[in-house]
Amino acid sequence: MPERLRPAPRSRPPERAEPSRAHRDGRVRRGHAHPRRPLRLDLDLRRGCARSRATGRAVVARGAARADAVYLPFPAASAADFQTFGRAIGISGASVTIPHKVSMLDYVDEADPVARRIGAINTISVEDRRWIGANTDAGGFLEPLRDCMALAGVRAAVLGAGGAARAVTVALASSGCSTRLHARNREQARQVAALASIEVGPWPPEPGSWDLLVNCTPIGMHPRVDETPIPADQITGRCVYDLVYNPPGTRLLREAAAVGCQTIGGLEMLAAQARDQFQRWTGRTPRAGVMREAALTRFAEFARNENHVVR
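These figures come from a predicted structure and were not determined experimentally.

What should I look at first to understand the overall build of the protein chain in this one?
Counting its regular elements, the protein chain contains ten helices and twelve strands. Residue burial in the protein chain is summarised as follows: out of 311 residues, 49% are buried. Residue pairs at least 24 apart in sequence account for 64% of intrachain contacts in the protein chain once pairs closer than 6 positions are excluded. Split by element, the accessible area of the protein chain, about 15,800 Å² in all, is 48% carbon and sulfur.

Next comes the structure, spelled out in structure tokens:
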């Protein structure tokens, strides 16, 4: 296996499992995967996202705990590199993480309409050896939001113009929101706004100009937990949704709650999109709350050991 595609080492070796009946009977040769076992690959690259990747893997792996499957991290040099490797070993699904969500769209056999409109995928399913691309970020974002407020006619301000903003702006515009995108990089903001046919607003958004504020920037993410994308005195809307999930309660959310806003944390979106991925791969619905529990457990591990790095 090329070095760049070698699975990251585990922090401690797994306990030895009892051999399956197939192994005991000699139907599966030592060193070969079970022919019925689907292989899940997590496509990632950037070391700076170690905690994010580890938490995402924990969330999906917890859902797959009772499935005949494995879910492993495989860093890749590029989308083309991963396609060559993935097709060679015969994967049955993959999570796609930054920075490959956009480029991987060109290496699947087909993609659903939502992924095409967003211009990025985060999920690959395999059907009859065909790679099917999907984007579960949009649906995962909307699921907790719809429990919070009716969206038709809501004035939404989206902060940031990265990959997350692509999914969020398309999701909001498709739900009948009057959406504006706000980012420091105006040119990048215009490119993302064009995907959803929405306007670009000033940075930061003007107080009183929004009902729903969505933070799609990394501002406030661990370890810079004291930062916030907008000052507390400019929080004037009804609901604030922060896609940052580490920490689960960001400064932005705390200050929004203090002035009476409804708040939604990024952990809810993380769990919702992971449930969708798991259902696409297995055809099964994970137990309610299992994805969220997995993420919280992972955060607790980080809190106990700040120097712990999960590869």
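Just to check I follow, could you spell out the packing of aromatic side chains for this structure?
The geometry of an aromatic ring pair comes down to the distance between the two centres and the angle between the two planes. Under the definition given, this model contains four aromatic pairs. Summarising the aromatic geometry, the rings of Tyr71 and Trp281 are spaced 5.7 Å apart at their centres and angled 45° between planes, so their arrangement reads as tilted. On the criterion of sequence distance, the pair formed by Tyr71 in strand E2 (residues 70–75) and Trp281 in helix H9 (residues 266–282) is long-range, its members being 210 residues apart. Owing to a relative accessible area of 12%, Tyr71 belongs among the buried residues under this scheme. Residues Phe141 and Tyr241 carry aromatic rings whose centres are separated by 4.7 Å and whose planes lie at 20° to one another, so their mutual orientation is stacked.

I tried to follow helix H8 (residues 251–258) on my own but got confused; where do I start?
Of the residues making up H8, those classed as buried are Leu252, Leu253, Glu255 and Ala256. All buried residues of H8 project into a common sector of 165° when viewed along the axis, lining one side. Looking at the buried residues of H8, the elements they touch are strand E10 (212–215), strand E11 (239–242) and strand E12 (262–265). Two residues or fewer after H8 comes Gly260, characterised by a positive phi angle close to 95°.

Even after reading the chapter, I still don't get the pattern of salt bridges, so can you show me in this structure?
This model, assessed by the stated rule, comprises eleven salt bridges. With a closest N to O distance of 2.9 Å, Asp137 and Lys101 form a salt bridge. Of the two residues, Asp137 sits in helix H5 (residues 137–146) while Lys101 sits in the loop between strand E3 (93–96) and strand E4 (110–111), which places them 36 residues apart along the sequence.

Explain the side chain of Asn135 to me, please; I cannot follow it from the model alone.
By secondary structure assignment, the location of Asn135 is in the loop between strand E6 (130–134) and H5. Overall, Asn135 belongs to the buried group, its relative accessible area being 5%. A distance of 3.0 Å separates a polar atom in the side chain of Asn135 from the backbone oxygen of Ala120. Among residues more than four places away in sequence, those in contact with Asn135 are Asp112, Val114, Ala115, Ile118, Ala120, Ile121, Asn122 and Ala167.

Sorry, what's going on with the nonpolar core here?
Soluble globular proteins tend to bury their nonpolar side chains together. In this structure, Phe141, Leu145, Leu172, Leu181, Leu212, Val214 and Tyr241 are the most contacted members of the largest nonpolar core, which totals 36 residues. If you list the elements that add at least two residues to this core, you get H5, strand E7 (155–159), helix H6 (163–174), helix H7 (186–196), E10 and E11. Per-element tally for this core: the top contributor is H6, with six residues. Every residue in contact with Leu181, bar those within four places of it in the chain, is listed here: Val158, Gly160, Ala161, Ala165, Thr169, Ala189, Val192, Ala193, Ile198, Glu199, Val200 and Gly201. Within the second largest apolar cluster, 14 residues are counted, among which are Ala76, Phe82, Leu105 and Val108.

Help me understand the sheet that holds E10, please; the structure alone is not making it clear to me.
By definition, the strands of a sheet pair up through backbone hydrogen bonds, in either a parallel or an antiparallel sense. Across the sheet, six strands lie side by side as E9-E8-E7-E10-E11-E12; this open sheet has parallel pairing. The two strands at the open ends of the sheet, each matched to only one other strand, are strand E9 (199–201) and E12. Averaged over neighbouring strand pairs, the angle between their axes works out to 25° when direction is ignored. Where E7 and strand E8 (residues 178–182) come together, five bridges link them in parallel fashion. Each bridged residue has a counterpart across the sheet, and for Ala157 the counterpart in E8 is Arg180. Across the face of the sheet, H6 comes into contact with E7, E8 and E10 while running at roughly 175° to E7. Its contacts with the sheet place H9 against E11 and E12, and it is angled at close to 50° to E12.

So what exactly am I meant to see when it comes to the packing of H5 against H6 here?
If you want to describe how two helices pack, look at the angle between their axes and the distance between the axes. Between H5 and H6, the shortest axis-to-axis distance is 8 Å and the interhelical angle comes to 55°. The angle between H5 and H6 places the two elements in the oblique class. For the pair H5 and H6, the crossing hand works out as right-handed. For the pair formed by H5 and H6, the contact residues are Asp137, Ala138, Phe141, Leu142 and Leu145 on the first element and Ala167, Val168, Ala171 and Leu172 on the second.

Please clarify how the pairing of E10 should be interpreted in this entry.
In summary, the side chains of a regular strand alternate between the two faces of the sheet. Alternating residues of E10 divide into Leu212 and Val214 and Leu213 and Asn215, and every residue in both groups is buried. Both E7 and E10 contribute to a ladder of four bridges, which runs parallel. Across the sheet, Ala156 pairs through a bridge with Leu212, a residue of E10. Summarising the sheet, E10 and E11 pair through four bridges and their orientation is parallel. Along E11, the bridge assignment pairs Leu213 with Val240.

Got a minute to help me understand the packing of H5 against H9 in this structure?
One way to put it is that H5 packs onto H9 with a least axis distance of 8 Å and a crossing angle of 125°. As judged from the angle between their axes, H5 and H9 are oblique. Classified by chirality, the crossing of H9 by H5 is right-handed. Residue-level inspection shows Asp137, Gly140, Phe141, Glu143 and Pro144 of H5 in contact with H9, the latter providing Glu268, Met269, Ala272, Gln273 and Arg275. Taken together, the residues of the contact of H5 with H9 break down into four nonpolar, two polar and four charged.

Conventions and cut-offs
Residues numbered from 1 in each chain as written. Predicted model: local features only at pLDDT ≥ 70, side-chain atom pairs only at ≥ 80, totals over all residues. Heavy atoms only, no water. Helix = DSSP H or I, 4+ residues; strand = E, 2+ residues; numbered from the N terminus. Buried < 20%, exposed > 50% of the residue type's maximum accessible area, 1.4 Å probe, protein only. Contact = heavy atoms within 4.5 Å. Areas by Shrake-Rupley, 256 points an atom, 1.4 Å probe, with all protein chains shown as cover. Phe/Tyr/Trp six-rings, centres within 6.5 Å; stacked < 30°, edge-to-face > 60°. Arc of directions from axis to C-beta. Salt bridge = Lys/Arg side-chain N within 4 Å of Asp/Glu carboxyl O. Polar contact = N/O pair within 3.5 Å; in protein donor to acceptor, adjacent residues only side chain to side chain. Core = buried A, V, L, I, M, F, W, Y, C linked by side-chain atoms within 4.5 Å. Pairing = 2+ DSSP bridges. Axes fitted to C-alpha atoms, helices over the stretch in contact; angles between N-to-C directions. Parallel < 35°, antiparallel > 145°, perpendicular 65-115°, else oblique. Left-handed = near helix turned anticlockwise from the far one by under 90°. Nonpolar A, V, L, I, M, F, W, Y, C, P; charged D, E, K, R; others polar.

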